[in-house]
Amino acid sequence: QVHLVESGGGLVQTGGSLRLSCAASALPVTYSNYTAAWFRQAPGNDRTFVSALSGSAETTRTREFAKGRFFISRDNTKNTVYLQMNNLKPEDTAVYYCALGPMVAGRAELYEYWGQGTQVTVSS
């Protein structure tokens, strides 16, 4: 059974940084075949796309609110995707989810596998 495990969330002050990780296991095909993405969901809101990176790391897509602050990367030798988050703001507070899918896209329904989420809280 495919398993995605996020880590790296926590409580940070405004302007601080966090690095999220998401490790995948038991995938039916090689990890590099998948686009890896991050979404987030704040209380009372829908799940929102943050950033995605293709299997070869050649194609990326990032939401406007994250550009210049959040940086996605991956290590295919470790089946892991990362999200480096800098200059965090209180409005970044949410549960962050990683996902794997067939293409770089912002629609959650296109992603096949999901992690359980990690909480990020930014205090003002």
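Residues numbered from 1 in each chain as written. Predicted model: local features only at pLDDT ≥ 70, side-chain atom pairs only at ≥ 80, totals over all residues. Heavy atoms only, no water.

Student: Residue-level account of the side chain of Thr-35, with values.
Tutor: Within the secondary structure layout, Thr-35 lies in strand β4 (residues 35–41). Engagement of the side chain of Thr-35 in a polar contact is seen with the backbone nitrogen of Val-104, the distance being 3.4 Å. If near-sequence neighbours (up to four positions away) are discounted, Thr-35 is found in contact with Ala-52, Leu-53, Ser-54, Gly-55, Arg-74, Ala-99, Leu-100, Gly-101, Pro-102, Met-103, Val-104 and Tyr-111. (Helix = DSSP H or I, 4+ residues; strand = E, 2+ residues; numbered from the N terminus. Polar contact = N/O pair within 3.5 Å; in protein donor to acceptor, adjacent residues only side chain to side chain. Contact = heavy atoms within 4.5 Å.)

Student: Describe unusual backbone geometry, with residues and values.
Tutor: The backbone of Ala-26 shows a phi angle near 60°, a positive value even though the residue is not glycine. For Ala-26, a relative accessible area of 49% translates into the label partly exposed. Even without being a glycine, Asn-79 presents a positive backbone phi close to 50°. Looking at the element boundaries, Asn-79 is found in the loop between β7 (70–75) and β8 (80–85). Take Asn-79: its relative accessible area is 23%, and that puts it in the partly exposed class. (Buried < 20%, exposed > 50% of the residue type's maximum accessible area, 1.4 Å probe, protein only.)

Student: Give a detailed account of the nonpolar core, specifying residues and quantitative values.
Tutor: If you look at the biggest cluster of nonpolar residues, it comprises 27 residues, and the most contacted ones within it are Trp-38, Phe-70, Val-81, Leu-83, Met-85, Tyr-96 and Leu-100. Those residues in contact with Met-85 that sit more than four places away from it in its chain are Gly-16, Ser-17, Leu-18, Leu-20, Arg-69, Phe-70, Tyr-96 and Val-120. Residues Phe-39, Phe-49, Ala-52 and Ala-99 belong to the second largest nonpolar core, which totals 7 residues. (Core = buried A, V, L, I, M, F, W, Y, C linked by side-chain atoms within 4.5 Å.)

Student: I'd like a description of the environment of Ser-124, backed by residues and values.
Tutor: Along the chain, Ser-124 falls in the segment after β11 (118–123). Residues Ser-124 and Lys-89, 35 residues apart in the sequence, show an inter-C-alpha distance of 7.6 Å.

Student: Run through the pattern of salt bridges, naming residues and quoting values.
Tutor: A pair can form between side chains of opposite charge whenever their charged atoms are brought close. Scanning the entire structure with this criterion turns up 4 salt bridges. One salt bridge connects Glu-64 with Lys-67, and the closest N-O pair in it is separated by 3.4 Å. Here Glu-64 falls in the exposed class, since its relative accessible area comes to 60%. Salt bridges here are not isolated pairs; linked through shared partners, they connect Arg-40, Arg-69 and Asp-92. (Salt bridge = Lys/Arg side-chain N within 4 Å of Asp/Glu carboxyl O.)

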